[in-house]
Structures are given as C-alpha cells and as structure tokens.
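Here is what each chain is made of, one letter per residue.
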Amino acid sequence: MAPNKNDIGKPRSLPEATRRLLNIFQSDDHVLIYIAADPDSMGSALAFKRLLWRKVAGVTIATINEIKRPDNLTMVRLLQIPIKHISEVNQAAFSKRVIVDGQPRHGELFPDAPIDVVIDHHPTSDQRQATYEDIRPRYGATCSIMTEYLKGAGINVSERLATALIYGIRTDTDNFGRPALDEDIKAFHYLYSKANQSVLRKITFSEMRLSDLQLVHTALESYILRGRRIFAHMGEVISPDNLVQIADFFQRIAAIDTCVVSGQFEDKVVVIVRNVAARVDAGKMVQRAFGVLGPAGGHKSMARAELPLSALWDPAKPLDQEALGLQIRQRFQFPNDPQNNKTTPPAR
C-alpha cells in the first residue's frame, strides 16, 4: 500500500515505512534504479541497492545524464559505485523501476514507463507518479531519507556506503549552509563515524582534472575586480561545469564576496554567480540582468543564467569574446555601487 499524499514529510514509524517499501518487491524481481547522477542521487541509489540485497534477483543503477564533474567521477571510482548510462541498459528486461532523488516530471530523459517507487526530497505535484511515493520536500537530501530506511531495516551501514551517503548529504545541504532538518543532521551524525574520512576529503577536493589547469590560467589572465566583486569571462568552454569550477575557485578568496563567471557553451551564454554579500541577492540580480533574454534565477547565494548567444551578440558579426564579456558585466547592477568605482585590472 502506497503512503497517503497527506503523510508526505510527516514523521512515521521507520520499520513500518521500510516494510511497506520492501513489500513492493518480490524475490524474482530485476530492479532498475534511475538517477540524474550527482552525489545525493548516487548515494541514495547505492543505499537502495543495499536495501534490496538478497531480497530481489538483481539491481542495476542507471543514470540518465553523463557524469562529467571530476568530484562525481572520483566518487564513482573510489567508492566503486556500479553505475551504467541508460543507453547501455535494456529497460524492458526489468520488472520494477525506481527513481531516487528525482521524479518522472523532473527531466525529459526519465522514462515514460510506469514507475514503482519514487523517493525524493524535491517539491512534488498533486498527481501521483508511482505506486509507492515517499517525497519529503522539507529534507535537505534524499540520502537522509535513505539513511532512515536503512536504519529501519536494521542494516549495518558499511564504510563505503556511509561515505557515499554522507557526501550526498553534505553536497545537497551545501555543508548545512542550505535549509535542512534535524533529520538531516541526525543522519549525518549517524554516518560520520562510519565513513572513510580520507576518501571523503579526496572526493571533496577532486574539483579539477589536470587539463583544467588551463581554465585557472585563463581565469587569472582575464579576471576583473570591482571592490569585493570579481568578474571573469572565460570565452568558449567545453562544459558549463567549467564555469562552476572557476566560480567556486574565486569564492575561496577572502577579499571576494561576489563572483560572476561567464562563458560561451555551444550556442549559449552561461553565467554563474556565487555570493556571500549580505546586501546582494544573486538570484534576483541574475533575473534582473538576464530574465528577459532566457532562463535566469537562483538563490541569494547561488544563481545561473543560460541564454541564447544570439540574444547578446549579433550573429552577423564576428564573435568578440572580450566585448561579449564586457556586455555581460555591464548588465549587472549592485546596491550602493559608487559611480566612480572603476574596473581594477588584475595584478600580474
């Protein structure tokens, strides 16, 4: 029996919840777990696989996206997460289908086929999406929910699984810098002593490949300072994740409160903003600067815009990356920005 929609997010008997979930599966089931791969979804999928160990005929984890971020790749490698791309899987061969840390309507690449189980912490609609749903929008991470299921089943969490779960919680709560519940904190404390801290540190700091050092060089050559704000236009990049890497890199500098990193990816312009300044709201700022041109917005501390290149640059003209970067920078308006606050060239 699936849980009532009105029960979503409310406290429940963990053994009862675990029992109801496990009753969905039979010993001859072959289970396919769909994820949009990131630390929270991978940790949750690994936990679900452990939950079904010796209870079903087999479990396969399939991602609908390509894993490109270095920290995610390091997580898969060091924790030996058995994951396949969906293109490598015969979906018709599975008798049960599960989505963790996502919902069917959250991505076009999720299957049209009926879903048996959805476990997630993102907001949901009123329409039922699976036979069994456990969706708790107040939770900071799906890994916290899966930790409760493991405890409810009386499973002793291994070092490998604890490391995956704790990294998922840390990532989705931004080290508890984003809204989280006591349940997220309890899950974190439960897992902390079981996790491999050395592996956790390696995953956390695996932000770049050797080839990405050229990105840092480009950023250091092109950045512009204005007070406690830093801007960098990276030109053409091979992935929007490159811009996220540089934004996070700049945010480590003590003198910087707000950083804006932009670049061209294929036929789009992507703008990434990170902010800790009290009087600046990154989401509102990005919406104000680019909302009329394309998808733009985010939170007070993190924001993003993805715009058609043609919205900022005349396709009939040869592309000038320096001029494009200037146009992007000029669209931003900051509170109490002095008129005489001139651009400061980077120190060499």
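Quick summary incoming for the structure in this document. In this text, all values refer to a predicted model and were calculated from it rather than measured experimentally.

Topic: the pairing of strand E9 (residues 258-265)
Residues in a regular strand point their side chains to alternate faces of the sheet. The element E9 is extensively covered by neighbouring structure, given that 8 of its 8 residues are classed as buried. With burial as the criterion, each face of E9 is covered, one bearing Thr258, Val260, Ser262 and Gln264 and the other bearing Cys259, Val261, Gly263 and Phe265. When strand E8 (residues 229-236) meets E9, the two strands line up parallel, connected through 6 bridges. Paired with His233 across the two strands is Ser262, which belongs to E9. In terms of handedness, the path from E8 via helix H9 (residues 240-250) over to E9 forms a crossover that is right-handed. Here 8 bridges tie E9 to strand E10 (residues 268-275), and the two strands are oriented antiparallel to one another. Each bridged residue has a counterpart across the sheet, and for Phe265 the counterpart in E10 is Lys268.

Considerations on the sheet that holds strand E4 (residues 96-100)
Sheets are built from strands paired through backbone hydrogen bonds, the pairs being either parallel or antiparallel. Ordered by their spatial adjacency, 6 strands build an open sheet running E3-E2-E1-E4-E5-E6, and the pairing between neighbours is parallel. Two strands in the sheet have a free side with no partner beyond their single neighbour: strand E3 (83-85) and strand E6 (132-135). The sheet shows a mean angle of 25 degrees between the axes of neighbouring strands, direction not considered. Of the strand pairs in this sheet, E4 and strand E5 (residues 117-120) are connected by 3 bridges, and their pairing is parallel. Residue Ile99 lies in a different strand from E5, and its bridge partner there is Val118. Against the sheet, helix H2 (residues 39-51) touches strand E1 (30-35), strand E2 (58-63), E3, E4 and E5, its axis set at about 165 degrees to E1.

A few points about the sheet that holds strand E11 (residues 296-298)
With mixed pairing, 6 strands are arranged side by side in an open sheet as E7-E8-E9-E10-E12-E11. Because the sheet does not close on itself, it has two edges, and the strands there are strand E7 (224-226) and E11. Between one strand and the next, the sheet's axes are offset by a mean angle of 15 degrees, whatever the strand orientation. Where E10 meets strand E12 (residues 302-308), 7 bridges bridge the pair, whose relative direction is antiparallel. When the sheet's bridge partners are listed, Ile272 is paired in E12 with Arg304. The sheet strands contacting H9 are E8, E9, E10 and E12, and the helix crosses E9 at an angle near 160 degrees.

Looking at the environment of Ser239
Note on placement: Ser239 falls in the loop between E8 and H9. Sequence separation of Ser239 and Lys68 is 171 residues, and the distance between their C-alpha atoms is 8.8 Å.

Criteria and thresholds
- Residues numbered from 1 in each chain as written.
- Predicted model: local features only at pLDDT ≥ 70, side-chain atom pairs only at ≥ 80, totals over all residues.
- Heavy atoms only, no water.
- Buried < 20%, exposed > 50% of the residue type's maximum accessible area, 1.4 Å probe, protein only.
- Helix = DSSP H or I, 4+ residues; strand = E, 2+ residues; numbered from the N terminus.
- Pairing = 2+ DSSP bridges.
- Right-handed = clockwise from strand over helix to strand, strands pointing away.
- Axes fitted to C-alpha atoms, helices over the stretch in contact; angles between N-to-C directions.
- Contact = heavy atoms within 4.5 Å.

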